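Observations on chain architecture
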Amino acid sequence: MARKKIAMIGAGMIGGTLAHIAAREELGDVVMFDIFGGVAQGKALDMAEATTVFGSDVKLAGTEAYADIEGADVCIVTAGFPRKPGMSRDDLIGKNLGVMKQVAEGIKTYAPNAFVICITNPLDAMVWALQKFSGLPTNKVVGMAGVLDSARFAYFLSEKLGVSVKDIRAWTLGGHGDDMVPMVRYSTVGGLPLNVLVENGMLSQEDLDAMVVRTRKGGGEIVALLGNGSAYYAPAESAIAMAVSYLKDQKRVLPSAAYLSGEYGQNDMYVGVPVVIGANGVEKVVEFPMDASEKEMMEKSISAVNVLIEACKNLEPSLA
Ligand code: A3D
């Protein structure tokens, strides 16, 4: 069986980390595309040399020619600009929308059958624009944010409770912004929902509230610490989990920015919801029943995403 081909569109901090993990895990041959082709080539050569140490036979290449992504099975898009301290994700929209247009053209021309995972911010609006610009099927274009936001929530819980990360399942839905919706009732530690932990005195409401706030601001916390650029290890691991579910038809249920056609009462937009990812891409959107306060938070988050989608339409009339 021929090796799979994985294209990283953008060879910056996340793109490089993605390539490293994909090579190490032998997920397939890796090609890194970047407008700064030298950076993509340099990173690819550095990692290719490392394969002889960690013993992986995959091939790595860097390029500034879209033709080199031809036939890719998976494309992971990080091309664009990250935040600087003091910037919100939304401040990136003008610059990154133009990047999505170029990337969509490249993928549509050379890898129209790929499963495309977008990471570029502001995430929900950029994945929406990428799908529109490319015309690829909506089940094959998805955004990564929920796995990361949920991972952050899970990490804070494991730290606070002194419990293995393996026994925590956290869910964060909605748009990838400060209005994201950590789903307390559906997040579990050893199978017990968080509200049950609070009721039984195993976790205080104050600590839980503080972790919800920290999760919402988790990206900004790292931006402030780094001083230049944003998180890349956890974002890369999160996108790899989604890619692996597709490549191995694992059918994992993962929170992802997915195209909605009536689910959660929404149409023609992308927002973070639980989805089943398998060999057919996004195979199903799972609808979590929501109580009044969860619904209110989700609606607020969806409205914030819709404002950004409208901004994209104003900036790029072909999307309207
Ligand atoms: P960075 O290290 O700057 O890498 C971006 C790369 O994109 C650079 O190497 C650029 O040269 C390249 N690039 C710019 N324009 C183009 C273009 N037109 N075509 C091809 N390549 C181009 O950033 P990063 O890797 O740290 O972050 C990448 C994106 O992910 C940013 O938009 C971040 O805001 C975003 N991000 C999203 C999350 C989510 O959870 C959704 C988390 C962290 C970062």
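Residues numbered from 1 in each chain as written. Predicted model: local features only at pLDDT ≥ 70, side-chain atom pairs only at ≥ 80, totals over all residues. Heavy atoms only, no water.

A few points about the overall build of the protein
Spelled out, the test is: Counting from the N terminus, the helices are DSSP H or I runs at least four residues long and the strands are E runs at least two residues long. Two things to know: the radius of gyration comes from C-alpha atoms, and the globule rule equals 2.2 Å times the number of residues to the power 0.38. When checking whether two residues touch, look at their non-hydrogen atoms; a contact exists if any pair is within 4.5 Å. Only the protein chains shown count as cover for residues, with accessible areas throughout obtained via the Shrake-Rupley method and a probe of 1.4 Å. The positive count covers Lys and Arg only, the negative count covers Asp and Glu only, and His and the chain ends enter neither. For charged residues, the charge sits on one atom: NZ in Lys, CZ in Arg, CG in Asp, CD in Glu.
The secondary structure content of the protein amounts to 10 helices and 14 strands. At 19 Å, the protein has a C-alpha radius of gyration in line with the 20 Å of a compact globule built from 320 residues. Projected onto its principal axes, the C-alpha positions of the protein cover 55 × 50 × 40 Å. For the protein, the share of sequence-separated contacts (at least 6 apart) that also reach a separation of at least 24 residues comes to 70%. In the structure as shown, the protein presents an accessible area of about 14000 Å², 53% of it carried by carbon and sulfur atoms. Placing the 29 positive and 37 negative side-chain charges of the protein at their respective mean positions leaves the two points 2 Å apart.

Topic: the UniProt feature "domain: Lactate/malate dehydrogenase C-terminal" (unreviewed entry) in the protein
Condition: UniProt positions are given in the numbering used here, feature names are shortened, and annotations may be inferred rather than shown by experiment.
Per the UniProt entry, the sites bearing "domain: Lactate/malate dehydrogenase C-terminal" (unreviewed entry) are residues 148-310 in this numbering. As a span, residues 148-310 carries 46% helix and 23% strand, and end to end its C-alpha atoms are 25 Å apart.

Quick look at helix α8 (residues 218-226)
Operational definition: To sort residues, take the accessible area from a 1.4 Å probe on protein chains only and compare it with the maximum for the residue type: under 20% means buried, over 50% means exposed, and anything in between is partly exposed. Of all possible arcs, the one meant is that of the directions from the helix axis to the C-beta atoms.
All buried positions along α8 are accounted for by Gly-218, Gly-219 and Val-223. The arc that holds the buried residues of α8, viewed along the axis, is 140°, so those residues lie on one side. Exposed residues lying more than 90 degrees from the buried face of α8 are Ala-224 and Leu-225. Just beyond α8, the residue with positive phi is Gly-227, at close to 80°.

Observations concerning the packing of helix α3 (residues 93-110) against helix α4 (residues 123-134)
The packing of two helices is summarised by the inter-axis angle and the distance between the axes. Threshold: Convention adopted: a line fitted to C-alpha atoms gives each axis, helices being fitted over their contacting stretch, and angles between N-to-C directions are expressed from 0 to 180 degrees. Working definition: roughly parallel below 35 degrees, roughly antiparallel above 145 degrees, roughly perpendicular at 65 to 115 degrees, and oblique for all remaining angles. For a crossing to be left-handed, the near helix must be turned anticlockwise from the far one by less than a right angle; the clockwise case is right-handed. Classes in brief: Ala, Val, Leu, Ile, Met, Phe, Trp, Tyr, Cys and Pro nonpolar; Asp, Glu, Lys and Arg charged; the others, Gly included, polar.
Orientation of α3 relative to α4, taken along the N-to-C sense of each, is 40°, at an axis distance of 8 Å. Taken together, α3 and α4 sit at an angle that is classed as oblique. Handedness of the crossing formed by α3 with α4: right-handed. Counted together, Ile-93, Asn-96, Leu-97, Met-100, Lys-101, Val-103, Ala-104 and Lys-108 of α3 and Met-126, Ala-129, Leu-130, Phe-133 and Ser-134 of α4 form the full contact between these two elements. Along the lines of polarity and charge, the residues of the contact of α3 with α4 split into nine nonpolar, two polar and two charged.

Digging into the nonpolar core
Keep this limit in mind: Remark: nonpolar core denotes a set of buried residues (Ala, Val, Leu, Ile, Met, Phe, Trp, Tyr, Cys) joined through side-chain atoms within 4.5 Å.
Membership of the largest hydrophobic core comes to 94 residues, with the highest contact counts inside it found for Ile-9, Ile-69, Cys-75 and Ile-107. Ignoring anything within four residues of it in the chain, the contact list for Ile-107 reads Ile-9, Ile-69, Cys-75, Val-77, Pro-112, Val-116 and Leu-136. Membership of the second largest hydrophobic core comes to 14 residues, among which are Leu-157, Ala-170, Leu-197 and Leu-208.

A short note on the site of the ligand
Cut-off, in case you're wondering: If even one non-hydrogen atom of a residue comes within 4 Å of a molecule or strand, that residue is called near it. Within 3.5 Å is the distance limit for a polar contact, defined as a pair of N or O atoms, with the added protein rule that one can donate a hydrogen and the other accept it, and that residues adjacent in sequence qualify only through two side-chain atoms.
Close to the ligand lie 27 residues, the nearest being Met-13, Ile-14, Asp-34, Phe-81 and Gln-102. At 2.8 Å, a backbone N or O of Met-13 approaches an oxygen atom of the ligand. For the ligand, an oxygen atom lies 2.6 Å from a polar atom in the side chain of Asp-34. Computed on the free molecule, the ligand has an accessible area of 870 Å², of which 92% lies beneath the protein chains in the complex. Every element with two or more residues in the shell around the ligand is listed here: α1 (13-24) and α3. At three residues, α3 tops the list of elements feeding residues into the shell around the ligand.

Things to note about the pairing of strand β12 (residues 252-261)
Sheet faces and side chains relate simply in a regular strand, where the side chains alternate between the two faces. Convention followed: Each pair of strands is called paired provided DSSP finds at least two bridges between the two strands.
The element β12 is largely enclosed, with a buried count of seven among its 10 residues. Summarising the sheet, β12 and strand β13 (residues 267-278) pair through 10 bridges and their orientation is antiparallel. Counted as the bridge partner of Leu-260 is Met-269 from β13. The turn linking β12 back onto β13 is made up of five residues, and Gly-262 within it adopts a positive phi angle of 100°.

What about helix α2 (residues 37-54)?
One full turn of an α-helix is made of 3.6 residues, so residues set three or four places apart face in the same direction. Condition: Each helix should span, by expectation, one fewer than its residue count multiplied by 1.5 Å.
With 18 residues, α2 extends 25 Å between its outermost C-alpha atoms, agreeing within 8% with the 26 Å of an ideal straight helix rising 1.5 Å per residue. Within α2 the residues assigned to the buried category are Gly-37, Ala-40, Ala-44, Met-47 and Thr-51. In a view along the axis of α2, the buried residues occupy a sector of 100°, so they form one face of it. α2 presents Gly-38, Asp-46, Thr-52 and Val-53 as exposed residues on the side facing more than 90 degrees away from its buried surface. In this structure, the buried side of α2 is in contact with α1, β2 (29-33) and β3 (60-63). Gly-55, located one to two residues past α2, shows a positive phi value of around 70°.

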